[in-house]
Amino acid sequence: MPELPEVETIARGLAQNLTGDVIESVWLGNQPEPLKSPPREMVNALEQACIAGVRRVGKHIVVDLNREGRVAAHGKKQIPRFARNHQDVAQWIVHLGMTGRLLIAKPDVAVPKHTHAILRLRSGRELRFVDPRRFGRLAVVRHGFEAPGAEPLDVGFESFAGLFRKRQTPIKSALLNQSLLSGIGNIYADESLFRAGVRPRRRAASLTRAELQRLYEAVQEVLKEAIAAGGSSVSDYVDANGDAGFFQFQHRVYGRAGEPCLVCRTPVKRIVIAGRSAHYCPKCQK
Ligand SMILES: [Zn+2]
(Lines give C-alpha, C1' and ligand atoms only; values in the text may rest on other atoms or scores of the structure.)
Protein backbone atom coordinates (compact mmCIF):
# COMPACT_ATOMS: atom_id res chain seq x y z
CA MET A 1 0.00 0.00 0.00
CA PRO A 2 1.45 3.39 -0.91
CA GLU A 3 2.39 5.44 2.12
CA LEU A 4 2.93 9.18 2.45
CA PRO A 5 6.39 9.28 0.81
CA GLU A 6 5.19 7.25 -2.18
CA VAL A 7 2.12 9.44 -2.57
CA GLU A 8 4.27 12.59 -2.28
CA THR A 9 6.63 11.21 -4.94
CA ILE A 10 3.77 10.31 -7.25
CA ALA A 11 2.09 13.70 -6.76
CA ARG A 12 5.35 15.52 -7.57
CA GLY A 13 5.82 13.40 -10.69
CA LEU A 14 2.29 14.09 -11.82
CA ALA A 15 2.68 17.81 -11.12
CA GLN A 16 5.80 17.93 -13.30
CA ASN A 17 4.11 16.04 -16.08
CA LEU A 18 0.56 17.34 -16.07
CA THR A 19 0.45 20.94 -14.87
CA GLY A 20 -0.97 23.16 -17.58
CA ASP A 21 -2.50 20.33 -19.58
CA VAL A 22 -6.23 20.30 -20.27
CA ILE A 23 -8.59 17.36 -19.86
CA GLU A 24 -10.45 17.05 -23.15
CA SER A 25 -12.67 14.10 -22.33
CA VAL A 26 -13.20 11.43 -19.71
CA TRP A 27 -14.06 7.75 -19.76
CA LEU A 28 -15.21 6.03 -16.57
CA GLY A 29 -15.55 2.27 -16.14
CA ASN A 30 -18.58 0.37 -14.86
CA GLN A 31 -17.22 -0.70 -11.48
CA PRO A 32 -18.99 1.31 -8.79
CA GLU A 33 -16.41 1.01 -5.97
CA PRO A 34 -13.77 3.45 -7.21
CA LEU A 35 -16.25 6.30 -7.70
CA LYS A 36 -17.03 8.31 -4.59
CA SER A 37 -18.77 11.03 -6.57
CA PRO A 38 -21.59 10.45 -9.08
CA PRO A 39 -20.06 9.69 -12.50
CA ARG A 40 -21.84 12.59 -14.18
CA GLU A 41 -20.59 15.04 -11.58
CA MET A 42 -17.05 13.75 -11.99
CA VAL A 43 -17.16 14.02 -15.77
CA ASN A 44 -18.59 17.55 -15.54
CA ALA A 45 -15.84 18.65 -13.19
CA LEU A 46 -13.04 17.09 -15.22
CA GLU A 47 -13.97 17.71 -18.83
CA GLN A 48 -12.44 20.84 -20.29
CA ALA A 49 -10.73 21.68 -17.02
CA CYS A 50 -7.12 22.81 -16.90
CA ILE A 51 -4.82 21.00 -14.49
CA ALA A 52 -3.57 23.85 -12.34
CA GLY A 53 -1.40 21.61 -10.15
CA VAL A 54 -1.08 18.28 -8.39
CA ARG A 55 -0.21 17.89 -4.70
CA ARG A 56 -0.42 15.51 -1.79
CA VAL A 57 -2.78 15.98 1.15
CA GLY A 58 -2.34 13.18 3.69
CA LYS A 59 -2.31 10.06 1.54
CA HIS A 60 -4.52 11.63 -1.10
CA ILE A 61 -3.46 13.01 -4.45
CA VAL A 62 -5.22 16.30 -5.11
CA VAL A 63 -5.46 17.45 -8.72
CA ASP A 64 -6.41 21.15 -8.77
CA LEU A 65 -8.72 21.95 -11.65
CA ASN A 66 -9.34 25.37 -13.04
CA ARG A 67 -11.51 26.62 -15.85
CA GLU A 68 -10.20 30.16 -16.02
CA GLY A 69 -6.92 28.84 -17.38
CA ARG A 70 -8.63 27.28 -20.33
CA VAL A 71 -10.37 30.48 -21.29
CA ALA A 72 -7.20 32.51 -20.94
CA ALA A 73 -5.04 30.03 -22.80
CA HIS A 74 -7.32 29.03 -25.60
CA GLY A 75 -10.35 31.29 -25.62
CA LYS A 76 -12.32 28.95 -27.84
CA LYS A 77 -15.52 28.27 -25.98
CA GLN A 78 -17.32 30.83 -23.93
CA ILE A 79 -18.09 29.50 -20.47
CA PRO A 80 -21.62 30.42 -19.40
CA ARG A 81 -21.64 33.27 -16.91
CA PHE A 82 -23.35 31.23 -14.18
CA ALA A 83 -20.43 28.82 -14.24
CA ARG A 84 -17.99 31.51 -13.26
CA ASN A 85 -18.00 31.05 -9.52
CA HIS A 86 -17.93 27.76 -7.70
CA GLN A 87 -17.98 25.81 -10.95
CA ASP A 88 -14.63 27.26 -11.97
CA VAL A 89 -12.54 25.59 -9.34
CA ALA A 90 -12.64 21.96 -8.31
CA GLN A 91 -10.34 19.25 -7.10
CA TRP A 92 -10.07 15.70 -8.32
CA ILE A 93 -9.17 13.56 -5.32
CA VAL A 94 -7.41 10.27 -5.91
CA HIS A 95 -6.75 7.76 -3.14
CA LEU A 96 -4.66 4.87 -4.40
CA GLY A 97 -5.89 2.35 -1.84
CA MET A 98 -3.89 -0.89 -1.94
CA THR A 99 -3.09 -1.30 -5.61
CA GLY A 100 -4.18 1.90 -7.37
CA ARG A 101 -1.88 3.54 -9.91
CA LEU A 102 -2.06 6.65 -12.07
CA LEU A 103 -0.34 6.11 -15.38
CA ILE A 104 0.45 8.61 -18.09
CA ALA A 105 0.37 6.85 -21.43
CA LYS A 106 0.16 7.47 -25.15
CA PRO A 107 -3.27 6.43 -26.49
CA ASP A 108 -1.72 3.64 -28.60
CA VAL A 109 -0.38 1.89 -25.49
CA ALA A 110 -2.77 -0.96 -24.64
CA VAL A 111 -5.14 -0.08 -21.81
CA PRO A 112 -4.32 -2.37 -18.86
CA LYS A 113 -6.90 -4.60 -17.23
CA HIS A 114 -8.64 -3.00 -14.25
CA THR A 115 -8.56 0.50 -15.73
CA HIS A 116 -11.40 2.46 -14.12
CA ALA A 117 -10.87 5.94 -15.53
CA ILE A 118 -9.16 7.50 -18.54
CA LEU A 119 -8.62 11.24 -18.85
CA ARG A 120 -7.73 12.23 -22.41
CA LEU A 121 -5.44 15.23 -22.39
CA ARG A 122 -4.94 18.03 -24.90
CA SER A 123 -1.24 17.10 -25.10
CA GLY A 124 -2.31 13.83 -26.75
CA ARG A 125 -1.56 11.70 -23.70
CA GLU A 126 -3.93 9.86 -21.39
CA LEU A 127 -4.00 9.76 -17.62
CA ARG A 128 -5.25 6.33 -16.58
CA PHE A 129 -6.39 5.13 -13.17
CA VAL A 130 -5.75 1.40 -12.81
CA ASP A 131 -6.64 -0.56 -9.69
CA PRO A 132 -6.96 -4.37 -9.65
CA ARG A 133 -8.21 -4.66 -6.07
CA ARG A 134 -10.49 -1.63 -6.19
CA PHE A 135 -9.71 -0.14 -2.79
CA GLY A 136 -8.70 3.07 -4.53
CA ARG A 137 -11.14 5.99 -4.65
CA LEU A 138 -11.86 8.86 -7.01
CA ALA A 139 -13.90 11.90 -6.06
CA VAL A 140 -14.44 15.53 -6.99
CA VAL A 141 -14.85 18.28 -4.42
CA ARG A 142 -15.62 21.96 -4.85
CA HIS A 143 -14.72 23.56 -1.57
CA GLY A 144 -11.15 22.63 -0.81
CA PHE A 145 -10.03 19.25 0.37
CA GLU A 146 -8.61 18.64 3.81
CA ALA A 147 -7.24 15.47 5.32
CA PRO A 148 -8.69 14.54 8.73
CA GLY A 149 -5.46 14.62 10.72
CA ALA A 150 -2.46 16.93 11.04
CA GLU A 151 0.07 16.97 8.21
CA PRO A 152 3.16 15.25 9.65
CA LEU A 153 5.62 17.34 7.64
CA ASP A 154 3.99 20.66 8.57
CA VAL A 155 2.85 20.15 12.16
CA GLY A 156 4.80 22.02 14.85
CA PHE A 157 6.27 20.23 17.85
CA GLU A 158 3.73 21.49 20.41
CA SER A 159 0.78 20.40 18.28
CA PHE A 160 2.48 17.06 17.64
CA ALA A 161 3.06 16.47 21.36
CA GLY A 162 -0.54 17.50 22.09
CA LEU A 163 -1.86 14.70 19.88
CA PHE A 164 -0.53 12.06 22.26
CA ARG A 165 -1.22 13.65 25.63
CA LYS A 166 -3.65 11.55 27.71
CA ARG A 167 -3.85 8.91 25.01
CA GLN A 168 -3.74 5.42 26.54
CA THR A 169 -3.31 3.52 23.27
CA PRO A 170 0.11 2.16 22.24
CA ILE A 171 2.19 4.89 20.60
CA LYS A 172 2.37 2.74 17.46
CA SER A 173 -1.43 2.74 17.15
CA ALA A 174 -1.55 6.48 17.81
CA LEU A 175 0.95 7.10 14.99
CA LEU A 176 -1.24 5.04 12.65
CA ASN A 177 -4.43 6.84 13.70
CA GLN A 178 -5.24 8.93 10.62
CA SER A 179 -7.43 11.33 12.56
CA LEU A 180 -4.36 12.39 14.58
CA LEU A 181 -1.67 12.41 11.89
CA SER A 182 -2.52 12.06 8.24
CA GLY A 183 -0.59 9.63 6.11
CA ILE A 184 1.78 7.70 8.39
CA GLY A 185 1.59 3.99 7.64
CA ASN A 186 3.05 0.87 9.20
CA ILE A 187 6.56 1.03 7.73
CA TYR A 188 7.28 4.63 8.66
CA ALA A 189 5.71 4.31 12.11
CA ASP A 190 8.08 1.42 12.91
CA GLU A 191 11.08 3.21 11.44
CA SER A 192 10.30 6.43 13.32
CA LEU A 193 9.91 4.63 16.65
CA PHE A 194 13.21 2.85 16.11
CA ARG A 195 15.04 6.10 15.47
CA ALA A 196 13.37 7.71 18.48
CA GLY A 197 14.34 4.75 20.70
CA VAL A 198 10.72 4.19 21.79
CA ARG A 199 9.05 0.78 21.92
CA PRO A 200 5.87 0.50 19.82
CA ARG A 201 3.77 -0.86 22.70
CA ARG A 202 4.45 2.07 25.04
CA ARG A 203 1.29 3.98 25.98
CA ALA A 204 1.31 7.24 24.04
CA ALA A 205 0.67 9.26 27.21
CA SER A 206 3.71 7.74 28.91
CA LEU A 207 6.22 9.31 26.51
CA THR A 208 8.36 11.99 28.10
CA ARG A 209 8.81 15.36 26.46
CA ALA A 210 12.31 14.34 25.39
CA GLU A 211 10.97 11.16 23.81
CA LEU A 212 8.23 13.10 22.03
CA GLN A 213 10.87 15.50 20.75
CA ARG A 214 12.93 12.59 19.41
CA LEU A 215 9.86 11.00 17.87
CA TYR A 216 8.84 14.28 16.25
CA GLU A 217 12.26 14.65 14.69
CA ALA A 218 12.37 10.97 13.67
CA VAL A 219 9.01 11.14 11.87
CA GLN A 220 10.14 14.16 9.85
CA GLU A 221 13.54 12.65 9.11
CA VAL A 222 12.17 9.27 8.01
CA LEU A 223 9.50 10.77 5.76
CA LYS A 224 11.90 13.26 4.18
CA GLU A 225 14.52 10.57 3.54
CA ALA A 226 11.95 8.30 1.97
CA ILE A 227 10.67 11.11 -0.22
CA ALA A 228 14.22 11.90 -1.30
CA ALA A 229 14.81 8.22 -2.12
CA GLY A 230 11.63 8.07 -4.17
CA GLY A 231 12.22 11.39 -5.87
CA SER A 232 15.10 10.11 -7.94
CA SER A 233 12.92 7.81 -9.98
CA VAL A 234 9.72 9.79 -10.30
CA SER A 235 9.82 9.64 -14.07
CA ASP A 236 9.98 5.83 -13.97
CA TYR A 237 6.87 5.68 -11.88
CA VAL A 238 4.75 7.89 -14.01
CA ASP A 239 5.23 6.08 -17.29
CA ALA A 240 3.11 3.41 -18.89
CA ASN A 241 4.70 0.61 -16.87
CA GLY A 242 4.24 2.48 -13.67
CA ASP A 243 5.29 -0.22 -11.30
CA ALA A 244 9.02 0.47 -11.36
CA GLY A 245 10.24 -0.14 -7.81
CA PHE A 246 11.42 3.27 -6.70
CA PHE A 247 12.17 2.67 -3.08
CA GLN A 248 15.80 2.75 -2.19
CA PHE A 249 14.87 3.81 1.34
CA GLN A 250 16.49 1.29 3.65
CA HIS A 251 14.35 -0.18 6.40
CA ARG A 252 16.19 -0.52 9.69
CA VAL A 253 13.55 -2.61 11.50
CA TYR A 254 10.47 -2.99 9.32
CA GLY A 255 10.38 -6.43 7.71
CA ARG A 256 13.66 -7.42 9.42
CA ALA A 257 12.31 -9.70 12.19
CA GLY A 258 15.08 -12.00 13.47
CA GLU A 259 17.80 -10.08 11.62
CA PRO A 260 20.43 -8.20 13.64
CA CYS A 261 19.71 -4.60 14.64
CA LEU A 262 21.89 -2.33 12.51
CA VAL A 263 23.03 -0.49 15.64
CA CYS A 264 23.54 -3.19 18.33
CA ARG A 265 23.20 -6.56 16.51
CA THR A 266 20.33 -7.70 18.80
CA PRO A 267 17.74 -9.61 16.70
CA VAL A 268 14.85 -7.38 15.63
CA LYS A 269 11.54 -8.45 17.21
CA ARG A 270 8.17 -8.62 15.52
CA ILE A 271 4.98 -8.32 17.57
CA VAL A 272 1.35 -7.65 16.72
CA ILE A 273 -0.43 -4.56 18.07
CA ALA A 274 -4.12 -4.13 17.29
CA GLY A 275 -3.82 -6.50 14.34
CA ARG A 276 -0.82 -4.72 12.79
CA SER A 277 2.73 -6.04 12.84
CA ALA A 278 5.31 -3.95 14.66
CA HIS A 279 9.09 -4.33 14.46
CA TYR A 280 11.55 -3.07 17.03
CA CYS A 281 14.91 -3.60 18.66
CA PRO A 282 14.43 -4.72 22.28
CA LYS A 283 17.78 -3.17 23.24
CA CYS A 284 17.75 0.17 21.40
CA GLN A 285 14.09 0.94 22.11
CA LYS A 286 12.75 1.52 25.62
ZN1 LIG B 1 19.47 -2.30 18.57
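Residues numbered from 1 in each chain as written. Predicted model: local features only at pLDDT ≥ 70, side-chain atom pairs only at ≥ 80, totals over all residues. Heavy atoms only, no water.

S.K.: Help me understand the overall build of the protein, please; the structure alone is not making it clear to me.
M.R.: Secondary structure summary: the protein contains 8 helices and 10 strands in total. Taking all 286 residues of the protein together, the buried fraction comes to 52%. Here the protein displays about 13400 Å² of accessible surface, and carbon together with sulfur accounts for 50% of that area. (Helix = DSSP H or I, 4+ residues; strand = E, 2+ residues; numbered from the N terminus. Buried < 20%, exposed > 50% of the residue type's maximum accessible area, 1.4 Å probe, protein only. Areas by Shrake-Rupley, 256 points an atom, 1.4 Å probe, with all protein chains shown as cover.)

S.K.: Can you walk me through the pairing of strand 6 (residues 115-121) in this structure?
M.R.: One face of the sheet, then the other: side chains in a regular strand alternate in exactly this way. Most of strand 6 sits inside the fold, with 6 of its 7 residues counted as buried. With 5 bridges connecting them, strand 6 and strand 7 (residues 126-130) associate as antiparallel partners. Paired with Leu 119 across the two strands is Leu 127, which belongs to strand 7. Connecting the antiparallel pair strand 6 and strand 7 is a turn made up of 4 residues, with Gly 124 showing a positive phi of about 95°. (Pairing = 2+ DSSP bridges.)

S.K.: Please explain the environment of Ala 45 as it appears in this structure.
M.R.: Here Ala 45 lies in helix 2 (residues 39-46). Sequence-wise, Ala 45 and Asp 88 are 43 residues apart; in three dimensions their C-alpha atoms are separated by 8.8 Å. Ignoring any residue separated from it by four or fewer positions in sequence, one finds Ala 45 in contact with Leu 65, Arg 67, Ala 90, Val 140 and Arg 142. (Contact = heavy atoms within 4.5 Å.)

S.K.: Looking at this structure, I do not really get a positive patch on the surface. What am I missing?
M.R.: Taken together, the side chains of Arg 199, Arg 201, Lys 269, Lys 283 and Lys 286 define a basic patch exposed on the protein surface. Inspection of the secondary structure puts Arg 199 in the loop between helix 6 (186-196) and helix 7 (209-231). (Patch = residues over 30% accessible without salt bridge, like charges linked within 9 Å, V, L, I, M, F, W, Y side chains within 5 Å. Salt bridge = Lys/Arg side-chain N within 4 Å of Asp/Glu carboxyl O. Lys, Arg positive; Asp, Glu negative; His and termini not counted. Charge placed at Lys NZ, Arg CZ, Asp CG, Glu CD.)

S.K.: What is the right way to look at the nonpolar core in this model?
M.R.: One broad trend across soluble globular proteins is that nonpolar side chains are buried collectively. With 34 residues, the main nonpolar core has Phe 160, Phe 164, Ile 171, Leu 175, Leu 181 and Leu 215 as its most contacted residues. Only helix 4 (157-164), helix 5 (171-176), helix 6 and helix 7 provide two or more residues apiece to this core. Broken down by element, this core gets its largest block of residues, 10 residues, from helix 7. Apart from residues no more than four positions distant in its own chain, Leu 215 is found in contact with Phe 160, Ile 171, Leu 175, Ser 192, Leu 193, Ala 196 and Leu 207. (Core = buried A, V, L, I, M, F, W, Y, C linked by side-chain atoms within 4.5 Å.)

S.K.: Even after reading the chapter, I still don't get the packing of aromatic side chains, so can you show me in this structure?
M.R.: Remark: the centre distance and the inter-plane angle together describe each pair of aromatic rings, the angle taken between the planes. Evaluated as defined, the whole model comprises 3 aromatic pairs. A ring pair is formed by Phe 157 and Tyr 216, whose centres lie 5.6 Å apart and whose planes are at 70°; its orientation type is edge-to-face. Of this pair, Phe 157 sits in helix 4 while Tyr 216 is found in helix 7, placing the two residues 59 residues apart along the sequence. Given a relative accessible area of 12%, Phe 157 falls into the buried group. The class of Tyr 216 is buried, set by a relative accessible area of 14%. By way of ring pairs, the aromatic residues Phe 157, Phe 160, Phe 164 and Tyr 216 are connected into one cluster. (Phe/Tyr/Trp six-rings, centres within 6.5 Å; stacked < 30°, edge-to-face > 60°.)

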